Amino acid sequence: MSCLFCRIIAGEIPGTFLYQDNRLVVLQDINPQAPLHALVVPRKHIATLNDLSAEDDGLVGEMVRRAALVAREKGVAEEGYRAVLNCNREAGQTVFHIHLHVIGGRPMAWPPG
Ligand code: 5GP
Ligand code: ZN
């Protein structure tokens with residue numbers, strides 16, 4: 001198994017798990033870009049946003065709702081936060097197992113760099 005997030009989920013590589021259930025996990029990002037930087041990661045290996053199929057609709061819904069719950073738990077829900085899916089090279093995707101970034105705890109600019 002060569003996928004970094006599959007290996008973390010399998011326990012082969014250490015990770016800090018903020019939440020887990022039978023469909024997804026929430027990891028602390030190893031290189032946080034804000035006071036809150038978590039990654040909502042499905043257990044199912046899906047390489048990019050382009051590889052989602054209709055059968056994943058429920059899973060994606062769970063990822064987005066989990067992002068909101070993490071933000072609420074970490075106290076940034078009302079001030080605001082960002083939930084980001086980077087897809088492929090120009091967007092800066094570096095790990096090819098989809099993950100929803102949950103970033104908050106500081107003001108953020110728009111448009112993103
Ligand atoms: P991407 O650039 O693919 O959207 O995001 C990948 C994210 O994974 C980055 O924010 C990066 O800091 C994080 N990351 C890379 N390697 C590891 C790791 O080994 N453990 C954890 N928890 N996060 C990682
Ligand atoms: Zn994977």
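Below or above, wherever it landed, is the structure these notes cover. Just so you know, these numbers come straight off a predicted model, no measurement behind them.

Cut-offs applied
Residues numbered from 1 in each chain as written. Chains lettered and ligands numbered in written order. Predicted model: local features only at pLDDT ≥ 70, side-chain atom pairs only at ≥ 80, totals over all residues. Heavy atoms only, no water. Donors = N, O, S within 2.8 Å, 3.2 Å for Na, K, Ca; no water. Tetrahedral: all angles 85-135°; square planar, octahedral: opposite > 155°, others 65-115°. Helix = DSSP H or I, 4+ residues; strand = E, 2+ residues; numbered from the N terminus. Buried < 20%, exposed > 50% of the residue type's maximum accessible area, 1.4 Å probe, protein only. Near = heavy atom within 4 Å. Polar contact = N/O pair within 3.5 Å; in protein donor to acceptor, adjacent residues only side chain to side chain. Areas by Shrake-Rupley, 256 points an atom, 1.4 Å probe, with all protein chains shown as cover. Nonpolar A, V, L, I, M, F, W, Y, C, P; charged D, E, K, R; others polar.

1. Let's talk about the coordination of the zinc ion (ligand 2)
Each donor-metal-donor angle in an ideal tetrahedron of four donors is 109.5 degrees, and each such angle in an ideal octahedron of six donors is either 90 or 180 degrees. Looking at the metal site, the zinc ion (ligand 2) is ligated by Cys3 (SG), Cys6 (SG), His45 (ND1) and His97 (ND1), spaced 2.0 to 2.3 Å from it. Its 4 donor atoms give the zinc ion (ligand 2) angles of 104 to 117 degrees at the centre, a pattern that matches the tetrahedral case. Positions of the donor residues of the zinc ion (ligand 2) along the chain correspond to the pattern C-x2-C-x38-H-x51-H. Of this pair, Cys6 sits in helix α1 (residues 4–9) while His45 is found in the loop between β3 (36–42) and α2 (57–73), placing the two residues 39 residues apart along the sequence. The exposure class assigned to Cys6 is buried, which follows from its relative accessible area of 14%. Residue classification places His45 among the partly exposed positions, given a relative accessible area of 40%.

2. Quick look at the site of ligand 1
In the region of ligand 1, 16 residues are neighbours, and Asp29, Asn86, Gly92, Thr94 and His101 sit closest. Within the side chain of Asp29, one N or O atom sits 2.5 Å away from an oxygen atom of ligand 1. Here Gly92 contributes a backbone N or O atom positioned 2.8 Å from an oxygen atom of ligand 1. Contact with the protein chains removes 84% of the 530 Å² of surface that ligand 1 exposes when unbound. Only α1 and β3 provide two or more residues apiece to the shell around ligand 1. When residues in the shell around ligand 1 are grouped by element, the largest group, 3 residues, is from α1. Considered class by class, the residues forming the shell around ligand 1 number 6 nonpolar, 9 polar and 1 charged.

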